[in-house]
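Results of the structural survey
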Amino acid sequence: MTSVGVLGAGAWGTALAQMLASDGRDVLIWAREPELVGEINTHHTNTLFLPSATLAKTVRATGDLAEMAQLDVLLVVTPAQHMGSVLADMPAHPADLLLCSKGIEASSGRLMNDVARDAAPGSAVAVLSGPTFAHEVAAGLPTAVTLACSGGEAQWDRISPVVARHTFRPYYSDDVTGAEIGGAVKNVLAIACGVVDGLGLGQNARAALIARGYAEMLRFGEALGARAETLAGLCGLGDLVLTCSSTSSRNFSLGKALGEGQKAEELMADRRTVAEGAHTAPVLVELAARHGVAMPIVTAVYGLIKGDDPRTTVSGLLARPLKAEQGSAG
């Protein structure tokens, strides 16, 4: 049986480990915190990041990156801003790396697959992305995702049986760029939708923001070589709808708190789990400008993270010039 592990024991990493173990498979999960390694191995729980789940006894934790390097397939679920450094610390790397973190490296503007290729040039890279709340995946509720394979159908044939379960269904793609951009951009747009909710602007405003935000995602993705049909699928529009509609989303919750008047600096300092959209927004604005892509909603979120007033920001968006819905620059 193909050996599999999960690099990162946050909520999403823990949920994926539980899902992988649902058919009795042995799953190794890496945690940075020694106390968390001990809790998972002794009590089969992760009260810090996923308190709702009791983990399968075939899930075992380790703090040793060398152990993770010996596996056949490794799901990489570290925070996006730390993926490169964690992979660089490994003495070797598995044949297949399946990237499950959503974001853009703030220091370089690189997508996660580029970060992984540089850190682990001998590994084949794939991306798993889609509408997935960790607690639902851990509970075995039905979930569908995009599994984008840079190695094409040969890689899909190797790794899809490793991750597919009765209630966890992957769909094949070879558009790694599209899968990554959908996951990264939707995090920023979810912050905007949370602000709309926090300001009490209603469901009409949220629906309009999702639609116009998707237009921004599509323009940006196509500028970087992503395919429109990828962004119209699970890893783009599907993920956008989910995370823009529920406080189960860390990014939506951050935006809601901003809309209610809390300060971005205090919220970011106090959050135990990462709202990746706050790190992605500044670099996304920079990349959009570099490629000549108008992203007014993403730019507004960047302003909110810097401390702009939410009501003034929304008024500015509403005051933008009137234009055609389709075919305009933004």
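Refer to the structure printed above.
Numbers given to residues run from 1 along each chain, matching the order in which its sequence is written. Two thresholds apply to this predicted model, a pLDDT of at least 70 for residue-level local features and 80 or more for giving and counting side-chain atom pairs, whereas whole-chain, interface and lining totals are computed over all residues. Only hydrogens and water are set aside when side-chain values are computed; all heavy atoms of the structure are taken into account.

Some words on the packing of aromatic side chains
Threshold: For this analysis, a ring pair means two rings from Phe, Tyr or Trp (six-membered ring only for Trp) whose centres lie within 6.5 Å, classed as stacked if their planes differ by under 30 degrees, edge-to-face if by over 60, and tilted for the remaining angles. The criterion is that NZ of a Lys, or CZ of an Arg, lies within 6 Å of the ring centre and within 35 degrees of the ring normal, and then a charge sits over that ring.
Applying the stated rule across the entire model yields one aromatic pair. Lys306 extends its terminal NZ or CZ atom over the ring of Tyr302, reaching a point 4.5 Å from the ring centre.

As for the nonpolar core
In globular proteins that are soluble, nonpolar side chains generally tend to be buried together. Stated precisely, the cut-off is as follows: For our purposes a nonpolar core is just a set of buried Ala, Val, Leu, Ile, Met, Phe, Trp, Tyr and Cys residues, chained together by side-chain atoms within 4.5 Å. Relative accessible area decides the class of each residue, using a 1.4 Å probe on protein chains only: under 20% of the type maximum gives buried, over 50% gives exposed, and in between gives partly exposed. Strands here mean DSSP runs of E at least two residues long; helices mean DSSP runs of H or I at least four residues long; both are numbered from the N terminus. Any pair of residues with heavy atoms lying within 4.5 Å of one another is described as a contacting pair.
Val185, Leu189, Phe220, Leu258, Leu284 and Met295 are the most contacted members of the largest nonpolar core, which has 44 residues in total. Breaking this core down by element, the ones donating at least two residues are helix 8 (176–198), helix 9 (203–223), helix 12 (250–259), helix 13 (264–270), helix 14 (276–290) and helix 15 (296–306). Looking at this core element by element, the count peaks at eleven residues for helix 8. Dropping the residues within four chain positions of it, Leu284 is found in contact with Ile104, Val185, Val188, Phe220, Met295 and Val298.

A look at the sheet that holds strand 5 (residues 59–62)
For the record, the criterion: Pairing between two strands requires that DSSP report at least two bridges joining them. Inter-axis angles, ranging from 0 to 180 degrees, are taken between N-to-C directions of lines fitted to C-alpha atoms, where helices are fitted over the stretch in contact.
With respect to topology, eight strands assemble into an open sheet ordered 5-2-1-6-7-8-9-10, the strand pairing being mixed. Pairing within the sheet leaves two strands with one partner each, and these edge strands are strand 5 and strand 10 (168–173). Mean inter-strand twist for the sheet, computed between neighbouring axes without regard to direction, equals 25 degrees. Summarising the sheet, strand 1 (residues 4–7) and strand 6 (residues 73–76) pair through four bridges and their orientation is parallel. Bridge pairing links Gly5 to Leu74 in strand 6. Of the strands in this sheet, strand 2 (27–30) and strand 5 touch helix 2 (residues 34–43), which is tilted by about 155 degrees from strand 5.

Quick notes on the pattern of salt bridges
As a reminder, the rule being used: Note on definitions: salt bridges are taken to be side-chain nitrogens of Lys or Arg within 4 Å of carboxyl oxygens of Asp or Glu.
By the definition in use, this model includes 13 salt bridges. For Asp23, the salt bridge goes to Arg165, with nearest N and O atoms at 3.5 Å. Of the two residues, Asp23 is situated in the loop between helix 1 (11–20) and strand 2 and Arg165 in the loop between helix 7 (152–163) and strand 10; the sequence distance between them amounts to 142 residues. With relative accessibility at 44%, the residue Asp23 sits in the partly exposed group. Here Asp96 makes a salt bridge to Arg158, at a shortest N to O gap of 2.7 Å. Linking Asp96 in strand 7 (residues 96–99) with Arg158 in helix 7, this pair joins segments that are 62 residues apart in sequence. Overall, Asp96 belongs to the buried group, its relative accessible area being 4%. If you follow the salt bridges from partner to partner, you end up with Asp197, Arg206, Lys256 and Glu260 in one network.

Side note on the side chain of Thr313
Examined against the element boundaries, Thr313 turns out to sit in helix 16 (residues 310–318). Thr313 sits in the buried class, given a relative accessible area of 14%. Aside from chain neighbours lying at most four places away, what touches Thr313 is Ala300, Leu304 and Asp308.

Points about the pairing of strand 10
Here is the key point about a regular strand: its side chains alternate between the two faces of the sheet. Which entries qualify depends on this criterion: Orienting the strands away from the viewer, one traces the path from the first strand over the helix to the second; a clockwise path indicates a right-handed crossover.
Of the strand pairs in this sheet, strand 9 (residues 143–149) and strand 10 are connected by six bridges, and their pairing is parallel. Bridged to Val145 within strand 10 is Pro170. In this view, the connection linking strand 9 to its parallel neighbour strand 10 by way of helix 7 has right-handed handedness.

What to know about helix 7
Spelled out, the test is: Any helix carries an expected span of 1.5 Å times its number of residues minus one. By construction, the arc corresponds to the directions joining the helix axis to the C-beta atoms.
With twelve residues, helix 7 extends 16 Å from end C-alpha to end C-alpha; this agrees with the ideal 16 Å at 1.5 Å per step. Taken residue by residue, helix 7 has Gly152, Gln155, Trp156, Ile159, Ser160, Val162 and Val163 as its buried positions. An end-on view of helix 7 places all buried positions within 150 degrees of arc, on one side of the element. More than 90 degrees from the buried face of helix 7, the exposed residues found are Glu153 and Asp157.

Describing helix 1
A large share of helix 1 lies buried, amounting to ten of its ten residues. For helix 1, the full list of buried residues reads Ala11, Trp12, Gly13, Thr14, Ala15, Leu16, Ala17, Gln18, Met19 and Leu20.

Brief notes about the packing of helix 9 against helix 11 (residues 234–243)
Heads up, the condition is: Oblique is the label for any angle not under 35 degrees, not over 145, and not in the 65 to 115 range, which are roughly parallel, roughly antiparallel and roughly perpendicular in turn. By definition, any crossing whose near helix is turned counterclockwise from its far helix by less than a right angle is left-handed, and any crossing with a clockwise turn is right-handed.
Two numbers describe how helix 9 lies on helix 11: the axes approach to 11 Å, and their chain directions differ by 150 degrees. Relative to helix 11, helix 9 is oriented roughly antiparallel. Seen from above, helix 9 lies across helix 11 with right-handed handedness. Where helix 9 approaches helix 11, its residues Ile210, Tyr214 and Met217 are matched on the opposing element by Gly236, Leu237 and Leu240.

Side note on the state of the cysteines
How we decide: In plain terms, two cysteine sulfur atoms within 2.5 Å form what is called a disulfide here.
Tallying each qualifying case throughout the model produces zero disulfides. Looking at the unpaired Cys193, the closest cysteine sulfur is the one in Cys244, lying at 3.5 Å. According to the relative accessible area criterion, Cys193 is buried, its value standing at 0%. Cysteine Cys235 remains unbridged, with the sulfur of Cys149 as its closest cysteine sulfur at 12 Å.

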